Amino acid sequence: MDLRHHHPYSMNVDAGSSGIAGDRFPQWSLQETRDFLMLRAELDANFIETKRNKPLWELISARMKEMGYNRNPDQCKCKWKNLVTRFKGSEAMEGEAMRQQFPFYKELQAIFGARMMQRMLWLEAEAGSTSTTKKKPDFSDEDEDGNDESEGEKGSQKKKRKMQIQTPNTGESRLINEVKEIMNEFMKQQMQMEMQWMKTYEAREEERRNREMEWKRRMEALENERVSFERNMKEKEEERRVREEARAEKRDALITALLNKLRREEK
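Residues numbered from 1 in each chain as written. Predicted model: local features only at pLDDT ≥ 70, side-chain atom pairs only at ≥ 80, totals over all residues. Heavy atoms only, no water.

Trainee: Talk me through a nonpolar patch on the surface; I want residue IDs and the actual numbers.
Mentor: Judged by side-chain polarity, Trp197, Met198 and Tyr201 come together as a nonpolar surface patch covering roughly 350 Å² of accessible area. Secondary-structure assignment places Trp197 in helix α8 (residues 170–266). (Patch = residues over 30% accessible without salt bridge, like charges linked within 9 Å, V, L, I, M, F, W, Y side chains within 5 Å. Areas by Shrake-Rupley, 256 points an atom, 1.4 Å probe, with all protein chains shown as cover. Salt bridge = Lys/Arg side-chain N within 4 Å of Asp/Glu carboxyl O. Helix = DSSP H or I, 4+ residues; strand = E, 2+ residues; numbered from the N terminus.)

Put into structure tokens, the structure is as follows:
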């Protein structure tokens, strides 16, 4: 097991993000945070589907230990909340360069982008479904504490969630707009590719028709040449036969004249 990931002197990337004093627990390193976000992304669908997410944080903590990190479920949960807070703060900044100052911006953006895509798919499925008894998944950016919360905290969370549903936050709206822009750009590219393919197909089809017509013209020309050649050959053969017949008649007439002359001289 590689223990260098949780060395007490690892790089500090988010001071106080574990929620516990820095002199008691080692600070989170870049690689440790990225591995943590990878595990959190793999289980994001499970966090959406269930309210009882304490076992999920325990699972993440166990898998972190398998990777060589010593983080309990509360530390993992507190780290996630702090990362989400910093991500939302980066979302509120103007300009891509400002957002990139948060080293885990892309990882968080990928997680919430996938969540927005899942939300859009769920809304499309809900719009096309006639059933109203299906439980709606929780796509909010905040995670519930399950049965660990008191009744007052649950009521507060419900009110907070209701307000979030009524007034979506800036980061969520931006993600939805980015997803829509990506989908629109994708559809535009698909249309352009289809139009380009149609133009190419029509051009090739026109070229094929032209080649076929040219081939037919050449075949007709060759056929005409063949017919003309055969006709000329027949005419020449007929002329040769007529000449042969004329020579034969002259030869016969000459022979007959000679024979008659010889007969007269004998008499």
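Trainee: Could you give an account of the packing of helix α3 (residues 54–66) against helix α4 (residues 73–91), naming the residues involved and the relevant values?
Mentor: Two elements in contact, α3 and α4, have axes whose closest approach is 8 Å; the angle formed by their N-to-C orientations is 105 degrees. The angle between α3 and α4 falls in the class roughly perpendicular. Counting all contacts with α3, which are made through Trp57, Glu58, Ile60, Ser61 and Met64, the residues of α4 involved are Pro73, Cys76, Lys77 and Trp80. Its residues placed into classes, the contact of α3 with α4 shows six nonpolar, one polar and two charged. (Axes fitted to C-alpha atoms, helices over the stretch in contact; angles between N-to-C directions. Parallel < 35°, antiparallel > 145°, perpendicular 65-115°, else oblique. Contact = heavy atoms within 4.5 Å. Nonpolar A, V, L, I, M, F, W, Y, C, P; charged D, E, K, R; others polar.)

Trainee: Could you give an account of the nonpolar core, naming the residues involved and the relevant values?
Mentor: Of all hydrophobic cores here, the largest spans 25 residues; its most connected members are Phe36, Leu37, Ile60, Met64, Trp80 and Leu108. Elements with a contribution of two residues or more to this core: α1 (30–42), α3, α4, α6 (105–128) and α8. (Core = buried A, V, L, I, M, F, W, Y, C linked by side-chain atoms within 4.5 Å. Buried < 20%, exposed > 50% of the residue type's maximum accessible area, 1.4 Å probe, protein only.)

Trainee: Mind laying out the packing of aromatic side chains, listing which residues take part and the relevant values?
Mentor: Applying the stated criterion across every chain, the model contains eight aromatic pairs. Pairing Trp80 with Phe112 gives two aromatic rings, centres 6.0 Å apart and planes at 35 degrees, and the pair type is tilted. Of this pair, Trp80 sits in helix α4 while Phe112 sits in helix α6; the two residues are 32 residues apart in sequence, bridging distant segments of the chain. Comparing Trp80 with Phe112 shows no difference in burial state: the two are buried. Connected via pairs of aromatic rings, a cluster forms that spans Trp28, Phe36, Phe47 and Trp57. Seen from the ring of Trp28, Arg71 lies directly overhead, with NZ or CZ sitting 4.4 Å from the centre. (Phe/Tyr/Trp six-rings, centres within 6.5 Å; stacked < 30°, edge-to-face > 60°. Lys NZ or Arg CZ within 6 Å of the ring centre and 35° of its normal.)

Trainee: Explain the pattern of salt bridges residue by residue, including any values.
Mentor: In total, this model carries 19 salt bridges according to the counting rule given. Across the salt bridge formed by Arg115 and Asp44, the nearest N and O atoms sit 2.4 Å from each other. Taken as a pair, Arg115 in helix α6 and Asp44 in helix α2 (residues 44–49) lie far apart in primary sequence, 71 residues in all. Summarising the burial analysis for this pair, Arg115 and Asp44 share the class buried. Residues joined by salt bridges that share partners form a network here, namely Glu205, Glu206, Arg208, Arg209, Glu212 and Lys216.

Trainee: Describe in detail the packing of α1 against α3, supporting the description with residues and values.
Mentor: Between two packed helices, what matters for the description is the angle formed by their axes and the separation of those axes. Axis separation between α1 and α3 bottoms out at 10 Å; the angle between their running directions is 140 degrees. Here α1 lies oblique to α3, going by the angle between them. Here α1 runs over α3; the crossing is right-handed. Listed contacts from α3 to Glu32, Phe36, Leu39, Arg40 and Glu42 of α1 are Trp57, Ile60, Arg63 and Met64. Residue composition of the contact of α1 with α3, by class: five nonpolar, no polar and four charged. (Left-handed = near helix turned anticlockwise from the far one by under 90°.)

Trainee: Describe α3, naming the residues involved and giving the relevant values.
Mentor: In this model, α3 (13 residues) spans 19 Å end to end at C-alpha, consistent with the 18 Å of a helix rising 1.5 Å per residue. Buried residues along α3 sit against α1, α2 and α4. Following α3 by one or two positions, Gly68 adopts a phi angle in the positive range, close to 100 degrees. (Expected span 1.5 Å × (residues − 1).)

Nothing here speaks to function; it is geometry throughout.
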